[in-house]
Amino acid sequence: MDDGRSAGTVSTDQARYLAAQAELDLVEIGAKASPPVAKLLDYNKYKYQQEKHARQSRSKTNEMKEIRLGFKTDEHDIETKAKKAQKFLSDGSIVKVFVVLRGRENIFPDIAKQKLDLFRQQIGAEFDQPPLHIGKRVQCILRKTK
């Protein structure tokens with residue numbers, strides 16, 4: 001029935017009549033069952049809700065956002081980027097934070113790792129991947145604390 005109740009086992013003609021009376025569509029749910037299972041519903045509304053749900057789940061699933069810090073990035077700039085990272089994390093994204101090392105800065109990856117750890121503490125996240133020195137970058141991946 002259209003209010004969620006079961007009509008029980010009815011003939012195909014009777015099911016079509018019930019669908020016409022309620023101005024709904026008769027949709028076959030389980031064709032391989034014996035007898036076949038059908039449901040009365042507004043098919044266009046159902047299809048729209050399924051597409052909407054698929055769009056929402058697809059848009060937010062583990063999206064990777066990147067935030068770039070410099071070796072000499074000032075404290076105020078770090079606070080601004082931390083607010084942006086908190087917004088990304090609250091939206092359900094994963095945040096990759098990296099410090100680019102240039103020239104002689106490559107000698108001091110420990111300072112960059114400390115900067116990343118302070119950044120993590122500032123936004124209240126946890127490491128998904130701890131800071132690693134890869135090429136001219138020191139990077140880590142952060143995720144929301146549970």
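Residues numbered from 1 in each chain as written. Predicted model: local features only at pLDDT ≥ 70, side-chain atom pairs only at ≥ 80, totals over all residues. Heavy atoms only, no water.

Caption draft 1: Here's a closer look at the packing of aromatic side chains. Counted under the stated rule, the structure contains 1 aromatic pair. Taking 6.5 Å as the distance between ring centres and 35° as the angle between the ring planes, the aromatic pair formed by tyrosine 43 and tyrosine 46 counts as tilted. Separated by 3 residues within a single helix, tyrosine 43 and tyrosine 46 lie in helix 2 (residues 43–60), roughly one turn from each other. Residue tyrosine 43 is classed as partly exposed on the basis of its relative accessible area of 38%. A cation over an aromatic ring shows up here: arginine 137 above the ring of phenylalanine 98, its NZ or CZ 3.7 Å from the ring centre. (Phe/Tyr/Trp six-rings, centres within 6.5 Å; stacked < 30°, edge-to-face > 60°. Helix = DSSP H or I, 4+ residues; strand = E, 2+ residues; numbered from the N terminus. Buried < 20%, exposed > 50% of the residue type's maximum accessible area, 1.4 Å probe, protein only. Lys NZ or Arg CZ within 6 Å of the ring centre and 35° of its normal.)

Caption draft 2: Looking closely at the pairing of strand 3 (residues 64–70). Pairing of strand 3 with strand 4 (residues 94–100), which is carried by 7 bridges, proceeds in the parallel orientation. Following the sheet pairing, arginine 68 is matched in strand 4 by phenylalanine 98. Running through helix 3 (residues 75–90), the crossover from strand 3 to the neighbouring parallel element strand 4 is right-handed. (Pairing = 2+ DSSP bridges. Right-handed = clockwise from strand over helix to strand, strands pointing away.)

Caption draft 3: Examining the pattern of salt bridges more closely. Counting across every chain of the model gives 7 salt bridges. Lysine 65 serves as the salt-bridge partner of glutamate 63, at 3.3 Å between the closest nitrogen and oxygen. Each member of the salt-bridge network shares a partner with another, and the members are Glu126, Asp128 and Arg143. (Salt bridge = Lys/Arg side-chain N within 4 Å of Asp/Glu carboxyl O.)

Caption draft 4: Focus on the packing of helix 3 against helix 4 (residues 109–123). Running from N to C, helix 3 and helix 4 cross one another at 55°; their axes reach a closest spacing of 9 Å. As the angle between them shows, helix 3 and helix 4 are arranged oblique. Crossing of helix 3 against helix 4: the hand is right-handed. Here helix 3 contributes Ile78, Glu79, Lys81, Ala82, Ala85, Gln86 and Leu89 to the contact with helix 4, which in turn contributes Lys115, Phe119, Gln122 and Ile123. Of the residues in the contact of helix 3 with helix 4, the class split is 6 nonpolar, 2 polar and 3 charged. (Axes fitted to C-alpha atoms, helices over the stretch in contact; angles between N-to-C directions. Parallel < 35°, antiparallel > 145°, perpendicular 65-115°, else oblique. Left-handed = near helix turned anticlockwise from the far one by under 90°. Contact = heavy atoms within 4.5 Å. Nonpolar A, V, L, I, M, F, W, Y, C, P; charged D, E, K, R; others polar.)

Caption draft 5: Molecular detail of the environment of glycine 8. Counting through the fold element by element, glycine 8 comes out in the segment before helix 1 (12–22). The class for glycine 8 is exposed, based on a relative accessible area of 51%. Taking C-alpha positions, glycine 8 is 9.8 Å from valine 37, a pair spaced 29 residues apart along the chain.

Caption draft 6: Expanded view of the side chain of lysine 96. With respect to the element layout, lysine 96 can be found in strand 4. For lysine 96, a relative accessible area of 17% gives the class buried. Not counting chain neighbours up to four residues away, the residues in contact with lysine 96 comprise Met64, Lys65, Glu66, Ile67, Gln139, Cys140 and Ile141.

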